[in-house]
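Architecture at a glance
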There are 2 protein chains.
Amino acid sequence: MIDKLVHRPWRVLKSENILNIGPWLNVRQELVELPSGKQISTWFVLDYPNWINVIAETKDHQLVMIDQYRHGLGVTKYEIVAGVIDQGETPLQAAQRELLEETGFGGGEWQEYMTLSPNTSCQSNLSYTFLARGVERLRAQEQEDTEDINVHVMNRKDVYALLQQGEILQALHAAPLWKYFVENPI
Amino acid sequence: MIDKLVHRPWRVLKSENILNIGPWLNVRQELVELPSGKQISTWFVLDYPNWINVIAETKDHQLVMIDQYRHGLGVTKYEIVAGVIDQGETPLQAAQRELLEETGFGGGEWQEYMTLSPNTSCQSNLSYTFLARGVERLRAQEQEDTEDINVHVMNRKDVYALLQQGEILQALHAAPLWKYFVENPI
């Protein structure tokens, strides 16, 4: 028996955009009132666009992984393909576009696999994971000149080993990969 | 055979703090140069303190979950205990303090379970998950007056059901819980 939760939202008394960085990031400062009547004068919410990522399986059941340098943490690690949903795109369209651009892979059968919040406390956006089965190499990568992405078509057991070793650091990638290996064991 | 990755860091040519919000958040704007020589004039990095969270199992193998309203996404969902590492604390001390404050539970055997990045691309901090086995209720909750947390001691199968239903939205909580249920199946 799972308790039904009571939703106890805060009331927004004042909201101000204090930083606006193109389509990438908007920082909102809010004065909020809690159900108890207590006020918090400075709560910060980061408004990003929604994001997508893709677990892509080839016809012979390998996984299409990438690596790239990530400047926030300053690391170069294995990842799944990920990106931002552009204006006017559905999450699925964004996921298919990003897989094709970053790896040259496409086709196959696609399903929505998981919805995650990067941070329920201070971000308003969501991240949608898709599972694509039976993808194949359709063309060469098409990288933007600020991208530096390597593609690795890997055996499932090697990706699982990376996961177990803690080498898939990004939470938004680790969560769907752990779920995938529960449901599709080695 | 897993390819060894080549680390290709960007060079920081200029770095400026453009927003500083107490100990909570610092936004850094950087001018960077890629290995290709291409420059990006505005890369933003969010500097938060490191975070912790806890999968806490009681002596009779139930899980100590909480719920609270989260204003970034505007939802009230089931979560594991989580918080910020205060200055001078080790990650373990922070995890034990947060579990005790937010739920009144403590004791038991603790292990470091998983290290994740909330976002390798734009955040510099890490999140450490601990697994605590054999915890028990030691005292009442000690909430700050801006906290509004309910405690739920739940059967493992109910937590797994929430996970499968996508009700554990926060990526930093979903990833360690999926791993936990792989290694400790129902």
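Structure shown above.
In this report, the structure presented in the accompanying data block is examined.

Before going further, it helps to examine the overall build of chain A. A count of helical and extended segments in chain A gives three helices and 11 strands. Each principal axis of the C-alpha atoms in chain A carries an extent, and together these give about 60 × 50 × 30 Å. Scored against the burial criterion, the 186 residues of chain A give a buried share of 56%. Of the contacts formed within chain A by residues at least 6 apart in sequence, a portion of 59% connects residues at least 24 apart. Accessible surface for chain A amounts to roughly 8,100 Å². Of this, 48% is attributable to carbon and sulfur atoms.

Turning one copy of the chain about an axis and sliding it along that axis gives the other copy, so a rotation and a shift relate them. The two copies are related by a screw operation: chain A maps onto chain B through 180° of rotation and 0.0 Å of translation along the axis, at an RMSD of 0.0 Å. Taken together, these values place the two copies in the relation of a two-fold axis. In terms of C-alpha distance to the rotation axis, chain A has Ala175(A) as its closest residue, with the C-alpha 1.9 Å off the axis. Interface residue correspondence from chain A to chain B reaches 100%, placing this contact among same-surface, isologous pairings.

Next up on the list: unusual backbone geometry. The backbone phi angle of His61(A) is positive, close to 65°, even though this residue is not glycine. Mapped onto the fold, His61(A) is located in the loop between strand S4 (51-58) and strand S5 (62-70).

Right, let's get into the packing of aromatic side chains. For the structure shown, the criterion picks out 12 aromatic pairs over all chains. The ring centre of Tyr113(B) lies 4.4 Å from the NZ or CZ of Lys179(B), which sits over that ring.

As a further point, take the sheet that holds strand S1 (residues 11-21) of chain B. All names here are of chain B. Pairing in this open sheet of three strands is antiparallel, and the strands run S1-S2-S3 from one edge to the other. Here the strands that pair on one side only, and so sit at the sheet edges, are S1 and strand S3 (39-47). Neighbour-to-neighbour, the strand axes of this sheet turn through a mean angle of 20°, independent of strand direction. As judged from the nine bridges shared by S1 and strand S2 (residues 25-33), these two strands associate in the antiparallel manner. Residue pairing across strands places Leu19 opposite Val27, the latter belonging to S2.

The figure often quoted for interface size is the accessible area lost as the parts come together. Facing 74 residues of chain A, the contacting portion of chain B comprises 74 residues. In total, about 6,100 Å² of surface goes out of reach between chain A and chain B, with carbon and sulfur atoms giving 62% of it. The largest share of the area that chain A buries against chain B comes from Arg8(A), His71(A) and Thr120(A), three residues that together contribute 12% of it. Asp148(B) is the partner of Arg8(A) in a salt bridge, and the nearest nitrogen-oxygen pair spans 2.8 Å.

Tallying each qualifying case throughout the model produces zero disulfides over all chains. The cysteine Cys122(A) is free of any disulfide, with Cys122(B) supplying the nearest cysteine sulfur at 11 Å.

Under the counting rule described, the total for this entry stands at two cavities of 30 Å³ or more. Within this model, the largest cavity holds a volume of roughly 40 Å³. For the lining of the largest cavity, the class distribution of residues is three nonpolar, three polar and two charged. Here the second largest cavity is characterised by a volume of approximately 30 Å³. As for the second largest cavity, its lining consists of Arg70(A), Val75(A), Lys77(A), Tyr78(A), Glu79(A), Leu169(A), Gln170(A) and Thr120(B).

About the thresholds
- Residues numbered from 1 in each chain as written.
- Chains lettered and ligands numbered in written order.
- Predicted model: local features only at pLDDT ≥ 70, side-chain atom pairs only at ≥ 80, totals over all residues.
- Heavy atoms only, no water.
- Helix = DSSP H or I, 4+ residues; strand = E, 2+ residues; numbered from the N terminus.
- Buried < 20%, exposed > 50% of the residue type's maximum accessible area, 1.4 Å probe, protein only.
- Contact = heavy atoms within 4.5 Å.
- Areas by Shrake-Rupley, 256 points an atom, 1.4 Å probe, with all protein chains shown as cover.
- Least-squares fit on C-alpha atoms with pLDDT ≥ 70 in both.
- Phe/Tyr/Trp six-rings, centres within 6.5 Å; stacked < 30°, edge-to-face > 60°.
- Lys NZ or Arg CZ within 6 Å of the ring centre and 35° of its normal.
- Pairing = 2+ DSSP bridges.
- Axes fitted to C-alpha atoms, helices over the stretch in contact; angles between N-to-C directions.
- Buried area = accessible area lost by both parts, 1.4 Å probe.
- Salt bridge = Lys/Arg side-chain N within 4 Å of Asp/Glu carboxyl O.
- Disulfide = S-S within 2.5 Å.
- 1 Å grid on protein atoms, 1.4 Å probe; cavity = no way out; pocket = protein on both sides within 12 Å on 5 of 7 lines; lining within 4 Å.
- Points joined across faces, edges and corners; volume = space filled by probe spheres on them.
- Nonpolar A, V, L, I, M, F, W, Y, C, P; charged D, E, K, R; others polar.

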